[in-house]
Structure formats: structure tokens, C-alpha cells
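Analysis of the macromolecular model
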Amino acid sequence: SAQYQVSVFARPTLVVQNVRYNYPDYTGYPSREEAHSGDLSAVEGTMVTITAISNQPIQSGHVDFDANGRRDLLMKVEDRQATISFPLELREDRRTPRYQSYMLRYTTTEGRKNKLPPKYQIDVTPDYAPEIQLLAPEEEVIDVMLDEQVTIEVEARDPDFAVRNVAILGEVGGEKVLNERLLSKNHTGKFVGRMEFTPGKLGLKVGDVLQYWGAAADNRRPKAN
């Protein structure tokens, strides 16, 4: 028969060497590194930097989010090392990660590709919104005189980081008449604030109905919850 040749080569592999997490400044978390683990897990807004090592010189490499075959992000390559940085993000529902997994694909200088790269998971923790409730008055509806002192008390907290702004707002017939800021700096733990006023000094008249509520914002940046 005719003679045939068999060429044997090492299967191209590209594995994660370490991951560096740079957390958003407002969290107060220090940066950290995790070795030999490609799965990602951190709060939204965290910048991750992945360093991967191959067994053969790299010509090009890219990130394939959700393992759908797309060249989503090009990696920076140098000999047998490839790096990439990207933020961990959520979808509009603020619960589901923008991408739930990824693969690192590359082409060797000889033109071969790692056809079955490992699939890594992405877990993104939301920055939860602050909570606020009215403590006083306890009644939903109260009748007061024009010169009677009224006390409104609220309690606010942020479940993960810090509450930054707390205010009591109110309107009469759709017109704003009350905007009392109780907190304008970072506060961890429970915050209790109150304001006192008399309807007459707010310009209210007999028969007016004041609707009021509490509002709170956390220290998330660039956009607070």
C-alpha cells in the first residue's frame, strides 16, 4: 500500500493562572488575588484581571462569554501568557449576571487552536438597595391643627455597604412642600432620623392634605440605589 505519515503534537491548552479582583472604591474592600481558579465571584462593578498560561507560544487569544463561539474580548498576549480585564456586570433586572460563563480560546503560532477549553462560571452579587421605614407617626392618617407640632421619624439601613442620603419628602396636591434632608454622608448600620414642623409654618391651610414619605440612597457609585 501507499505509505502515510503521522504527525504528533501536544494539544494546545490555556488555563487560568490567577485572577485579581479590584473592588469598587466605595465598598472599602481591598484588592485580592486568587490562584489556579477561573471561576469568578464578586460584587457588581468589580474589575477582574485574568492571567492565563498556555503550553505553546500564543499568536492570539480571546474571551468567549457564555461559550457561544464569539470573539467577545481580545486578550493581551506575550509568549505563553495572556491577560484580560473586564468588569463584572448585571443585566437590567439587577439580579442576573450579564454573562454567566466564559471560555478562553487561543491560536498558537503554528495555527493550532484549543478546541475544548475549560468553561468557567461567573457569579455576580448585586449591590442591594437601602431599606427605609416610617417609625412615627404610627397612624397612616392623622388630623392636626395649624399650630400643632408634628414629628416624623424614619429608620434606614443599607444591607451590604452604607446608606448615604436620607430625606423626608412631602407634597400637597402634587406640589412639593417638604424636603428635609436628614443624612448626607456615609453611615453603616441602622440610621434613625426625625424632623419636627408645624403645618402653619410650612404654609399649609385648613383642609390641606400633606402626603409624606421617606427616601434613602446608598453609597453605590457611579449610580446610587
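Structure's up top.
What this report covers is the structure whose coordinates are included nearby. (Residues numbered from 1 in each chain as written. Predicted model: local features only at pLDDT ≥ 70, side-chain atom pairs only at ≥ 80, totals over all residues. Heavy atoms only, no water.)

Some thoughts on the sheet that holds strand S6 (residues 73-74)
What counts, and what does not: Any two strands with at least two DSSP bridges between them are considered paired. By definition, any uninterrupted DSSP run of H or I lasting at least four residues is a helix, any uninterrupted run of E lasting at least two residues is a strand, and each is numbered from the N terminus.
Taken in spatial order, the 5 strands make up an open sheet running S3-S10-S9-S5-S6, and their pairing is mixed. Each edge of the open sheet carries a strand with a single partner, namely strand S3 (40-43) and S6. By the bridge criterion, 2 bridges tie strand S5 (residues 58-65) to S6 in an arrangement that is antiparallel. Bridge assignment links histidine 62 to a residue of S6, and that residue is leucine 74.

A few points about the layout of surface pockets
We count it as follows: Whether a set of points on the 1 Å grid over the protein atoms alone is a cavity depends on a 1.4 Å probe fitting there but being unable to get out, while an open set qualifies as a pocket with protein on both sides within 12 Å along at least five of seven lines; lining residues are those with an atom within 4 Å of a point. Grid points are joined across faces, edges and corners, and a volume is the space filled by probe spheres set on the points. When residues are sorted by character, Ala, Val, Leu, Ile, Met, Phe, Trp, Tyr, Cys and Pro go into the nonpolar class, Asp, Glu, Lys and Arg into the charged class, and all the rest, Gly among them, into the polar class.
Taken as a whole, the largest pocket encloses approximately 600 Å³ of empty space. Taken together, 23 residues line the largest pocket, and the ones lying closest to its centre are Ile142, Val144, Asp208, Val209 and Leu210. Those elements giving two or more residues to the lining of the largest pocket turn out to be strand S12 (150-157) and strand S16 (211-218). Looking at the lining of the largest pocket residue by residue, the class counts come to 16 nonpolar, 2 polar and 5 charged. Of the voids in this model, the second largest pocket is the one considered here, and its volume is about 210 Å³. Surrounding the second largest pocket, 13 residues form its lining, Glu44, Gly45, Arg220, Arg221 and Pro222 being those nearest its centre. In terms of residue class, the lining of the second largest pocket is made up of 6 nonpolar, 1 polar and 6 charged.

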